[in-house]
Amino acid sequence: MNSVKSIIFIALILFFLFFSFSPTIFELSQANKLADSNREFILEHNYYWPDFNLYLSKVRQGWEGRFTALEKYTSEKHQGSLIQDFYVILGSLGRIFNLDPNFSYQLGRLILSPLLLLIILMLVKYYFPFKVRAQQTQTRFVLARQTWFDRGFFWQIIAFLAIIVSGSFPRFYTDSQGMLQVGRFMEWWSNIDALQRITFIPHILFGQVVSFYLLYQLTIRHSGNAPQNDRSVISTKSLILLIFLGNAAGLVFPPSLITLDGVLVLLLVVKIILNIKHQILSTKFQINSKYQIPNVLNFENYNFKFIWNLGFWIWDFLFIIVTLPSLLYLFFITKQLPWSALVEFHRTHLMMIPLDQYILGTGPIIFLGLFGAIISIIKRDKKWQPLILWVLVTFSFASLFSVIKEQSPLRFTQTGLFIPLGILGTYFFYQLMQIRQIRLIGLIGITFYLLGSIYMMKTSLDWQTTFIRQRVGANVPLVPYPPQTMYPIRAWMDGIRWLRDNTNHETVVLAEITAGNFIPAYAGNTVYFGQSNTVDYERKQKEVDRFFKGEMTPVEAKNLLVNGRSKYVFESVQEKEKSGGRSLATIYPFLKSAFSNSLVTIYIAN
């Protein structure tokens, strides 16, 4: 029977992985079907935003042999840092497997998305264990029916499905032909989409995988909820692993660690309050084994193995302390150029939470999860506390940064909120099904809810494949912005490849926004301007516009290149649109052609 259960879950995991990867698979199948023969296919991801090339530029650095990440989207001199070093490591890993940078990025999705589903399965199996509730006074028919609805395996499947498929309420609208269509709320926020989030951006997947694994280890396995023989015991190797993973999560996706630490702080407060209450109410001094702190350290000489056997509530405090270095590192490094640019951009371009749209985009599970949380509080079941606190901390930080303009509040909704909501929502269904009189209604409700949610995932698939078909068939404009909305012209990419093959990648290139966004990712060069990580983004954008419009004197233009350490100037469609078709060499005589084809001229500044 256990093998059958394992096969069922393996089948579910493989199905949803394939379902989520199907837009990527479909795009690969279109590689030789581009309508414009002058364009070339490149595999990208999350192409609604200009961030893909930012990640790809870090992947390329690892692929080229770097160990720390440089910011290639700004020309100021700086040393490498651990910010986004996750993608540098992906590039190094891709090089080992002889994958180009684009497929090295996809490797992160391939590795982390199955891990995310396994972490979800681990949590589901804990919260809905294999148990059958039966009463001797019942008939065989009722017993069989209760056995089915009280069996943990049934609820594990429901919980797993609820977490994976839960998504937006349907949004009804009419298209340009007057036809009624079904869409999702907040379609522009990819992470809220049930289909996309399973195999989403690698560093966000990493944050979710690690943070929920740590939540399980710290609040379940090594807590008062764990089996007695496993409680409060951590080996040295496990301790080192937890510390490493915590700091890695802080460096790779800080909101995940901040949310986890927030949950641990609140759990500490709850435990301390309960401990004080226990001491006050106790008629005589007793040490409850749940709060007792045993030997701090036990060294077993016979196998030289350290066993850390602290009171489980101390682990929360210790973990917070030992993971502070990663957050402190980020705090101090983002005070320095160029790493301060991203923080400054988020400070001035906040992604606020449109609360009504976010609730509609999250879908029914946000209400089902709330009902499940209320029931667990009424029943005083502490088992569900970490999940409730995860939801509470997520919205608390989102609200905090809606007032304190230091970070985009929407970032804190990317920490895997769908996981605790899905488990709590299933708990609500479970409690509902304990009422025999409404079981049939409850079962019908669960069925319609899951089928409706899967249908909404299908609408996302249709939406994504439609967008890919449009990309495949598009031929105007020649060079777009945002960069990933079209496949690039081959001759345009040839110019970028010339930079890759014929220049020192430390040299700086001046270009308009789309070429500036592509060059670090596909050539490896630094650019003066090209992404929100560019220092003084607005000022440089105006300077670049003036340069290509020919509004600068030769002296001003040369000073711009010298001060920006720019040795090369990339001129193509966007740049010529600014200059009215005039050659830059006629405007600025100090520029000499180093490369030229039908679409691109690359100048070197003398």
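Quantities reported herein were computed from a predicted structural model and do not represent experimental measurements.

About the cut-offs
The residue numbering used here restarts from 1 in each chain and proceeds along that chain's sequence as written. Local features in this predicted model are restricted to residues whose pLDDT is 70 or higher, and side-chain atom pairs enter the listing and the counts only when it is 80 or higher, whereas totals over whole chains, interfaces and linings include all residues. Excluded from the side-chain calculation are hydrogens and water; included are all heavy atoms of the structure. Under the scheme used here, helices are H or I runs from DSSP no shorter than 4 residues and strands are E runs no shorter than 2 residues, and both carry numbers assigned from the N terminus. Relative accessibility under 20% of the residue-type maximum defines a buried residue, over 50% an exposed one, and the middle range a partly exposed one, all with a 1.4 Å probe and only protein chains included. Should any heavy atoms of two residues lie within 4.5 Å, those residues are counted as being in contact. Surface accessibility in these figures is a Shrake-Rupley result with a 1.4 Å probe; residues are shielded only by whichever protein chains are displayed. Whenever Lys or Arg places a side-chain nitrogen within 4 Å of a carboxyl oxygen from Asp or Glu, that contact is recorded as a salt bridge. Here, a strand pair is defined by DSSP locating no fewer than two bridges between the strands. Side-chain rings of Phe, Tyr and Trp, where Trp is taken by its six-membered ring, are said to pair if the distance between their centres is within 6.5 Å; with planes under 30 degrees apart they count as stacked, over 60 as edge-to-face, and otherwise as tilted. Over a ring means this: the NZ of a Lys or the CZ of an Arg is within 6 Å of the ring centre and within 35 degrees of the ring normal. Directions from the helix axis toward the C-beta atoms define the arc. By definition, no residue in a patch forms a salt bridge, and every one has over 30% relative accessible area; like charges are joined within 9 Å, nonpolar side chains (Val, Leu, Ile, Met, Phe, Trp, Tyr) within 5 Å. Note on geometry: axes are C-alpha line fits, over the in-contact stretch for helices, and angles between N-to-C directions span 0 to 180 degrees. Less than a right angle of anticlockwise turn of the near helix away from the far helix marks a crossing as left-handed, whereas a clockwise turn marks it as right-handed. Each residue gets one of three labels, nonpolar for Ala, Val, Leu, Ile, Met, Phe, Trp, Tyr, Cys and Pro, charged for Asp, Glu, Lys and Arg, and polar for the others, Gly among them. Two N or O atoms form a polar contact when they lie within 3.5 Å of each other; inside protein one atom must be a possible hydrogen donor and the other a possible acceptor, and for residues adjacent in sequence the pair counts only when both atoms belong to side chains. Remark: nonpolar core denotes a set of buried residues (Ala, Val, Leu, Ile, Met, Phe, Trp, Tyr, Cys) joined through side-chain atoms within 4.5 Å. Each residue carries a pLDDT value, the predictor's own confidence for that position, ranging from 0 to 100.

### Quick notes on the overall build of the protein chain
In step 1: A tally of regular secondary structure across the protein chain gives 24 helices and ten strands.
In step 2: Sorting the 606 residues of the protein chain into buried and exposed places 55% on the buried side.
In step 3: Summarising the internal contacts of the protein chain: among those between residues at least 6 apart in sequence, 73% fall at separations of at least 24.
In step 4: Here the protein chain displays about 27,200 Å² of accessible surface, and carbon together with sulfur accounts for 64% of that area.

### Considering the pattern of salt bridges
In step 1: Counted by the stated rule, this structure contains 17 salt bridges.
In step 2: Across the pair Arg497 and Glu40 runs a salt bridge, and its minimum N-O distance is 2.8 Å. With Arg497 in helix α19 (residues 490-502) and Glu40 in the loop between α1 (2-29) and α2 (52-63), this pair connects stretches of sequence that are 457 residues apart.
In step 3: Judged by its relative accessible area of 22%, Arg497 falls in the partly exposed class.

### Quick look at the sheet that holds strand β9 (residues 591-596)
In step 1: Read across the open sheet, the five strands follow the order β7-β6-β8-β10-β9; overall the sheet is mixed. Pairing within the sheet leaves two strands with one partner each, and these edge strands are β7 (526-527) and β9.
In step 2: Two elements, strand β6 (residues 508-510) and strand β8 (residues 566-571), share three bridges in a ladder whose sense is parallel. The residue bridging Val508 from the neighbouring strand is Ser566, located in β8.

### A closer look at the environment of Trp463
In step 1: Summarising the element assignment, Trp463 is placed in helix α18 (residues 439-473).
In step 2: Using a relative accessible area of 28% as the deciding quantity, one classes Trp463 as partly exposed.

### Remarks on the packing of aromatic side chains
In step 1: Tallying each qualifying case throughout the model produces 36 aromatic pairs.
In step 2: Here Phe15 and Phe16 contribute two aromatic rings whose centre-to-centre distance is 5.0 Å and whose plane-to-plane angle is 75 degrees, an arrangement assigned as edge-to-face.
In step 3: Overall, Phe16 belongs to the buried group, its relative accessible area being 3%.
In step 4: With centroids separated by 4.9 Å and ring planes inclined at 15 degrees, the aromatic side chains of Tyr55 and Tyr87 adopt a geometry described as stacked. Of the two residues, Tyr55 sits in helix α2 while Tyr87 sits in helix α3 (residues 85-96), which places them 32 residues apart along the sequence.
In step 5: Classification of Tyr87 by relative accessible area gives buried; the value is 1%.
In step 6: One aromatic cluster is present, built from ring pairs that chain together Phe52, Tyr55, Phe86, Tyr87, Tyr105 and Phe206.
In step 7: Cation over ring: Lys383 sits above Tyr126, and NZ or CZ is 4.9 Å from the ring centre.
In step 8: When the ring centre of Tyr487 is taken as origin, the NZ or CZ atom of Arg471, which lies over that ring, is 4.1 Å away.

### Remarks on helix α14 (residues 355-362)
In step 1: Every buried residue of α14 is accounted for by Tyr358, Gly361 and Thr362. For α14, the buried positions fall inside an angular range of 95 degrees around the axis, keeping them on one side.
In step 2: Positioned one or two residues after α14, Gly363 has a phi angle of 90 degrees, which is positive.

### Notes on the environment of Leu478
In step 1: Among the structural elements, Leu478 can be located in the loop between α18 and α19.
In step 2: The class for Leu478 is partly exposed, based on a relative accessible area of 40%.
In step 3: Between the alpha carbons of Leu478 and Gln574 there is a distance of 8.8 Å; along the sequence they are 96 residues apart.
In step 4: In this structure, Leu478 is in contact with Arg39, Ile489, Val573 and Leu599, ignoring residues within four places of it in sequence.

### Description of a nonpolar patch on the surface
In step 1: A cluster of nonpolar side chains, namely Phe317, Ile321, Leu324, Leu328, Phe331 and Phe332, defines an oily patch on the protein surface of about 570 Å² accessible area.
In step 2: Only α11 (312-322) and α12 (324-333) provide two or more residues apiece to the nonpolar patch.
In step 3: In terms of residue count, the dominant contributor to the nonpolar patch is α12 (four residues).
In step 4: Positionally, Phe317 belongs in helix α11.
In step 5: What makes Phe317 partly exposed here is its relative accessible area of 47%.

### Notes on the packing of helix α15 (residues 365-378) against helix α17 (residues 418-433)
In step 1: Relative to each other, α15 and α17 sit at 65 degrees, their axes nearing to 7 Å. Where α15 crosses over α17, the handedness of that crossing is left-handed. Across the interface between the two elements, Ile365, Ile366, Leu368, Gly369, Phe371, Gly372, Ala373, Ile375 and Ser376 from α15 touch Leu421, Gly422, Leu424, Gly425, Tyr427, Phe428, Phe429 and Gln431 from α17.
In step 2: Across the contact of α15 with α17, the residue classes tally to eleven nonpolar, six polar and no charged.

### Here's the deal with unusual backbone geometry
Peptide bonds are mostly trans, and most non-glycine residues show a negative phi.
In step 1: The peptide bond linking Leu337 to Pro338 adopts the cis configuration, its omega dihedral lying at 0 degrees.
In step 2: Note on placement: Pro338 falls in the loop between α12 and α13 (340-348).
In step 3: That bond from Tyr481 to Pro482 is cis: its omega, 5 degrees, falls within 30 degrees of zero.
In step 4: Considering the arrangement of structural elements, one finds Pro482 in the loop between α18 and α19.
In step 5: A positive phi is found at Met186, a non-glycine position, where the angle reads about 55 degrees.

### A closer look at the pairing of strand β2 (residues 180-184)
In step 1: One ladder, built from five bridges, connects strand β1 (residues 170-174) with β2; its direction is antiparallel. Looking across to β2, one finds that Pro170 is bridged to Arg184.
In step 2: Hairpin connection between β1 and β2: a loop of five residues separates the two successive antiparallel strands, and Gly178 in this loop has a positive phi of roughly 80 degrees.

### Topic: the side chain of Thr415
In step 1: As for its position among the elements, Thr415 is in the loop between α16 (385-403) and α17.
In step 2: Residue classification places Thr415 among the buried residues on the basis of a relative accessible area of 0%.
In step 3: Of the polar contacts made by the side chain of Thr415, one reaches the backbone oxygen of Phe412; its length is 3.4 Å.
In step 4: Once residues within four sequence positions are removed from consideration, Thr415 is found in contact with Gln208, Phe212, Phe253, Pro255, Ser256, Thr259, Trp390 and Thr394.

### Details of the nonpolar core
In step 1: Counting 128 residues, the largest nonpolar core has Ile120, Trp492, Ile519 and Phe570 as the members making the most contacts within it.
In step 2: In this structure, Trp492 is in contact with Val479, Thr514, Ala515, Phe518, Phe570, Ser572, Leu599 and Val600, ignoring residues within four places of it in sequence.
In step 3: One finds Tyr537, Phe547, Leu560 and Tyr603 within the second-largest nonpolar core, a separate group that totals 21 residues.

### As for the confidence of the model for the protein chain
In step 1: Scored by pLDDT, the protein chain has a mean of 87; 88% of the residues are at 70 or more.
In step 2: Here residues 132-147 is modelled with pLDDT under 50, and outside its nearest four sequence neighbours on either side it reaches 16 contacts, counting other chains as well.
In step 3: Ignoring residues within four places in sequence, the model shows residues 224-231, a span with pLDDT below 50, making 15 contacts including any to other chains.

### A few points about the environment of Glu76
In step 1: Its place among the elements puts Glu76 in the loop between α2 and α3.
In step 2: Taking the C-alpha atoms as reference points, Glu76 and Thr526, separated by 450 residues in sequence, lie 9.6 Å from one another.
In step 3: Among all residues touching Glu76, those that are not within four sequence positions of it are Val535, Lys540 and Arg565.

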